[in-house]
Amino acid sequence: MKRNLKFNIIVSFILVGTMLMSCGDGIKKLSDNMTVEEFGTMPTGEVVELYTITSTTGIEVKIMTYGGTITSIKTPDKSGEFTNITLGFDSFEPYLEGTPYFGAIIGRFGNRIANGVFTLDGETFQLATNDGPNHLHGGDVGFDKVLWNAEPLLSSEKPALRLTYLSPDGEEGYPGNLSVEVIYTLDGNNLRIDYRAETDKATPINLTNHAYYNLAGKGTILDHQLTLNAPHYTPVNEHLIPTGEILDVTNTPFDFLYSQYIGARINNVPGGYDHNFVLAPHDGAGLNFAAKLKEPKSGRTMEIFTSEPAIQFYSGNFLDGTLSSGDFVFEKYSALCLETQHFPDSPNHDHFPNTILRPGEVYETTTIMTFGVE
């Protein structure tokens, strides 16, 4: 009897612990600041998971394993009201049907490569062409459309999620087996993204995140105020491929060295902003200040710090109202992207910062978004 009683007590403790770790609706509590749930199923039958991370300041970030995608970031306004400030969906199906890279990890090469062609060590490589004649954001099946392996890094103050993916030799035309790691860390008001990769053959690499931001959570971004620590930019041709020039922003619509309303000069930029801005050299320790975004009515702000040499400012020009979430219809200028990166088409421009990763080298970059209120 005593043995059975002891066994029953142990089983009871296990059952109670299991119940405490369950939040209902299939949500599993991993810690006080992280949960995981089944979000959907791939056509292959593989399960897509959704992780929800909450910081000590109440900021909430949702990340799914498909594409390593940020589906939601909730931050407070000046009245303390939390709102999702990124474009995304509450269910998996819209992502599988196709989106313009909402919140996803982009690779192997973020941005465009002209005609999908580059030459490396005397060999010419043809990549997938998925943007007219050009290669965009890794090709037909880039890192945004694959299932990443997830490992929660539980912490009472700095919860994090490590995502890993092995991109095989020849994927989308790229040489080399590329091992990639991306870690999202939520620390107070800071969302940190660390990228790391190694390869067994020389290959171009340019990783970034493609979150679309609207700090009001609705409407357009034309009345957002933007500052870019970028005295130069790289002009583009009609296919949005860099011409190779690096021009001064002075007396142009590309001058965001001081805070400017995005809508003030956007009509002077054919098609809207979709340009690579070259950040000012950084002489100090730590990361370089890249950008500050502010939405005056809500008071929400976002500052971006990075180890990358450039940032792509895209004003949501191709959003056309065909996608929506709730009553928010994603129309032109509904959100913007600020993608830290190396320059577009770098493999075809020797004077651009190097994007070739070779065996024995480690690719490491970091970007931090700091959310605030003014």
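The structure we're discussing is the one just above.
Summary of the structure given here. (Residues numbered from 1 in each chain as written. Predicted model: local features only at pLDDT ≥ 70, side-chain atom pairs only at ≥ 80, totals over all residues. Heavy atoms only, no water.)

## Here we look at the packing of aromatic side chains
Counted only if it meets this: Note on ring pairs: Phe, Tyr and Trp rings are taken, using the six-membered ring of Trp, and paired if centres are within 6.5 Å. Classes follow the plane angle, with under 30 degrees stacked, over 60 edge-to-face and the rest tilted. Per-residue accessibility, obtained with a 1.4 Å probe over protein chains only, is compared with the maximum for each type, and a residue is labelled buried under 20%, exposed over 50%, and partly exposed between these values. Our definition puts a charge over a ring when NZ of Lys or CZ of Arg is within 6 Å of the ring centre and also within 35 degrees of the ring normal.
Tallied over the full model, the rule gives 25 aromatic pairs. Centre to centre, the rings of Phe143 and Trp148 are 5.9 Å apart; their planes meet at 85 degrees, and the pair counts as edge-to-face. One exposure class covers both Phe143 and Trp148, and it is buried. The side chain of Arg265 reaches across the aromatic face of Phe256, ending 5.0 Å from its centre.

## Notes on the sheet that holds strand β19 (residues 225-228)
Where we set the bar: Only strands joined by at least two bridges in the DSSP assignment are considered to pair. In this description a helix means any DSSP run of H or I spanning at least four residues, a strand means any run of E spanning at least two, and both kinds are numbered starting from the N terminus.
The nine strands lie next to each other as β13-β14-β15-β16-β31-β25-β24-β19-β22, forming an open sheet whose pairing is antiparallel. This sheet does not close on itself; its edge strands, each paired only once, are β13 (149-153) and β22 (260-261). Relative to strand β31 (residues 363-373), strand β16 (residues 190-199) is paired through eight bridges, and the arrangement is antiparallel. Bridging from a neighbouring strand, Arg196 pairs with Glu364 of β31.

## Things to note about the sheet that holds strand β26 (residues 310-314)
The strand order across the open sheet formed by five strands is β21-β20-β23-β26-β29, and the pairing between neighbours is antiparallel. A strand with exactly one partner marks an edge of an open sheet, and here the two such strands are β21 (247-248) and β29 (337-341). Relative to β21, strand β20 (residues 232-234) runs antiparallel, the two being bridged by two bridges. Bridging across to β21, His232 finds its partner in Asp248.

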